Amino acid sequence: MSTTTSLAPDGATLPVFYETEEHAHADGASTMLGFWIYLMSDCLIFAVLFATYGVLGGNYAAGPSPKDLFDLPLVAVNTSMLLLSSITYGFAMLAMEKGRIRSLQIWLAVTGLFGLAFIGIELSEFSHMIAEGATPQRSAFLSSFFTLVGTHGLHVSCGLVWLATLMIQVSRKGLIPANRRRLMCLSMFWHFLDIIWIGVFTFVYLMGMLR
Amino acid sequence: MTADAAPHESGHHGHGESHGSQKSYLIGFVLSVVLTAVPFWLVMTGTLDSKLGTALAIMVLAAVQIVVHMIYFLHMNVRSEGGWTMMALIFTLVMVVITLSGSIWVMYHLNINMMPGHDMSQMP
């Protein structure tokens with residue numbers, strides 16, 4: 001890549017070397033790093049939303065406060081759904097490593113069901129809150145709450161669509177390198193969302209009950 | 001977790017992360033269940049009398065759980081992708097810390113100064 005013209009100690013010009021062709025990169029060799037950097041940018045989005053919640057989370061505008069709204073046992077159930085889906089995705093990856101397509105598909109399906117349960121519980125929580133008049137328009141606290149938790153839920157929903165797509169891809173084309181790569185990217189995405197949820201249940205729900 | 005300890009892993013298309021084993025996933029799962037159950041228990045039963053103490057405890061537990069997830073589920077280590085994933089992570093963490101602490105600190109002081117009843121005419 002680089003062209004160097006340097007002088008030897010005696011003043012003679014050394015030969016110049018060019019690299020006319022880049023050395024070959026395997027197909028998708030940089031995908032994992034690229035996807036990791038995408039996840040880090042996603043992490044910054046969540047950091048900004050957490051900061052917004054941190055700033056606005058105490059402004060109830062004489063409306064409901066976390067203590068009036070949050071149901072901790074329900075959040076605990078929700079958290080366990082996401083934790084279980086994380087380990088079942090791990091088992092799916094182990095099945096992929098061993099080339100067992102059938103067990104991979106079963107674990108992916110189980111992961112998808114846990115993810116659906118998570119989204120279902122979250123939506124029912126949201127609908128209860130909205131039915132009680134705790135809509136995003138009610139106060140700054142509720143606006144930032146729905147934005148933060150809703151963005152996480154949206155990510156999980158996208159992950160579910162991705163998961164379903166990959167199950168179809170694997171059943172049609174088998175464990176080709178591209179499908180393995182996609183499954184590994186989704187693995188990172190899924191575990192990353194679990195990490196974000198740790199922040200959500202700690203800062204939003206548990207700290208909210210302590211306010 | 002460290003199946004391929006080879007320092008040069010270009011023959012392995014670049015990424016040095018392994019996929020863990022059944023055992024490492026189970027260890028990670030058990031640790032994260034404990035690290036989730038304890039903060040919920042602390043808040044729901046109010047075992048620690050002080051709110052500040054409980055808040056600090058659950059924050060520490062959350063930080064530990066994040067590290068556990070990174071090691072056992074995301075298989076983070078300093079060697080994957082020649083260290084670039086770790087570099088990206090460290091850079092992101094710096095940005096996250098600046099964003100969070102900066103916004104909360106600035107807005108906290110703004111809120112204090114905007115408190116109703118804070119009489120600006122008394123200011124020098």
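Residues numbered from 1 in each chain as written. Chains lettered and ligands numbered in written order. Predicted model: local features only at pLDDT ≥ 70, side-chain atom pairs only at ≥ 80, totals over all residues. Heavy atoms only, no water.

### Notes on the packing of aromatic side chains
All names here are of chain A. If you walk through the whole model with that rule in mind, you get 19 aromatic pairs over all chains. For the pair Phe50 and Phe203, a centre-to-centre distance of 6.2 Å together with 70 degrees between the ring planes defines the contact as edge-to-face. One end of the pair, Phe50, is in helix H1 (residues 31–56); the other, Phe203, is in helix H6 (residues 177–210), and 153 residues separate them in sequence. Relative to Phe141, the ring of Tyr60 has its centre 5.4 Å away and its plane inclined at 85 degrees; by these criteria the two rings are edge-to-face. One end of the pair, Tyr60, is in the loop between H1 and helix H2 (66–69); the other, Phe141, is in helix H5 (residues 140–173), and 81 residues separate them in sequence. Judged by its relative accessible area of 0%, Phe141 falls in the buried class. Three or more aromatic residues link up through ring pairs in this structure, and these residues are Tyr53, Tyr60, Phe70, Phe118, Phe126, Phe141, Phe145, Phe146, Trp197 and Tyr205. (Phe/Tyr/Trp six-rings, centres within 6.5 Å; stacked < 30°, edge-to-face > 60°. Helix = DSSP H or I, 4+ residues; strand = E, 2+ residues; numbered from the N terminus. Buried < 20%, exposed > 50% of the residue type's maximum accessible area, 1.4 Å probe, protein only.)

### As for the packing of H6(A) against helix H2 (residues 51–72) of chain B
In contact at an axis separation of 10 Å, H6(A) and H2(B) are set at 175 degrees when each is read in the N-to-C sense. Relative to H2(B), the element H6(A) is oriented roughly antiparallel. Listed contacts from H2(B) to Asp194(A), Ile195(A), Ile198(A), Phe201(A), Thr202(A), Phe203(A), Leu206(A), Met207(A) and Leu210(A) of H6(A) are Lys51(B), Thr54(B), Ala55(B), Ile58(B), Met59(B), Ala62(B), Gln65(B), Ile66(B), His69(B) and Met70(B). (Axes fitted to C-alpha atoms, helices over the stretch in contact; angles between N-to-C directions. Parallel < 35°, antiparallel > 145°, perpendicular 65-115°, else oblique. Contact = heavy atoms within 4.5 Å.)

### Side note on the side chain of Gln65(B)
Relative to the helices and strands, Gln65(B) is located in helix H2. Among the polar contacts listed, one links the side chain of Gln65(B) to the backbone oxygen of Ser32(B), at a separation of 3.4 Å. Look past the residues within four positions of Gln65(B) in its chain and what remains in contact with it is Leu83(A), Ile198(A), Phe201(A), Ser32(B), Leu35(B) and Thr36(B). (Polar contact = N/O pair within 3.5 Å; in protein donor to acceptor, adjacent residues only side chain to side chain.)

### Digging into a nonpolar patch on the surface
A contiguous nonpolar surface patch, about 530 Å² in accessible area, is contributed by Trp84(B), Met87(B), Ile90(B), Val94(B) and Ile98(B). With respect to the secondary-structure elements, Ile98(B) resides in helix H3 (residues 84–113). (Patch = residues over 30% accessible without salt bridge, like charges linked within 9 Å, V, L, I, M, F, W, Y side chains within 5 Å. Areas by Shrake-Rupley, 256 points an atom, 1.4 Å probe, with all protein chains shown as cover. Salt bridge = Lys/Arg side-chain N within 4 Å of Asp/Glu carboxyl O.)

### With respect to H2(B)
Under the 1.5 Å per step criterion, the end-to-end length of H2(B) is 31 Å for 22 residues, consistent within 8% with the ideal 32 Å. If you check which residues of H2(B) are buried, you get Thr54(B), Ala55(B), Ile58(B), Leu61(B), Ala62(B), Gln65(B), Val68(B), His69(B) and Met70(B). Here the buried face of H2(B) lies against helix H3 (72–97) and H6 of chain A together with helix H1 (22–45) and H3 of chain B. The N-capping residue of H2(B), defined by a side-chain oxygen 2.9 Å from the backbone nitrogen of Gly53(B), is Ser50(B). (Expected span 1.5 Å × (residues − 1).)

### Section: unusual backbone geometry
All names here are of chain A. For Ala61, which is not glycine, the phi torsion reads 50 degrees and is therefore positive. Relative to the assigned elements, Ala61 resides in the loop between H1 and H2. For Ala61, a relative accessible area of 52% corresponds to the exposed category.

### Some remarks on the interface of chain B and chain A
Contacts between the two partners involve 44 residues from chain B and, on the opposite side, 44 residues from chain A. Between chain B and chain A, a total of about 3,900 Å² is buried, with carbon and sulfur atoms accounting for 83% of that surface. In this assembly, chain B and chain A are joined by zero salt bridges. Joining chain B to chain A, the criterion identifies two residue pairs in polar contact (both at pLDDT 80 or more). (Buried area = accessible area lost by both parts, 1.4 Å probe.)

### Remarks on the UniProt feature "transmembrane region" (unreviewed entry) in chain A
All names here are of chain A. According to UniProt, the "transmembrane region" (unreviewed entry) feature falls on residues 35–55, 75–92, 104–121, 141–168 and 189–208. Across residues 104–121, the secondary structure splits into 100% helix and 0% strand, with the terminal C-alpha atoms separated by 26 Å. A distance of 27 Å separates the end C-alpha atoms of residues 189–208, which is 100% helix and 0% strand. (UniProt positions renumbered as here; feature names shortened; annotations may be inferred.)

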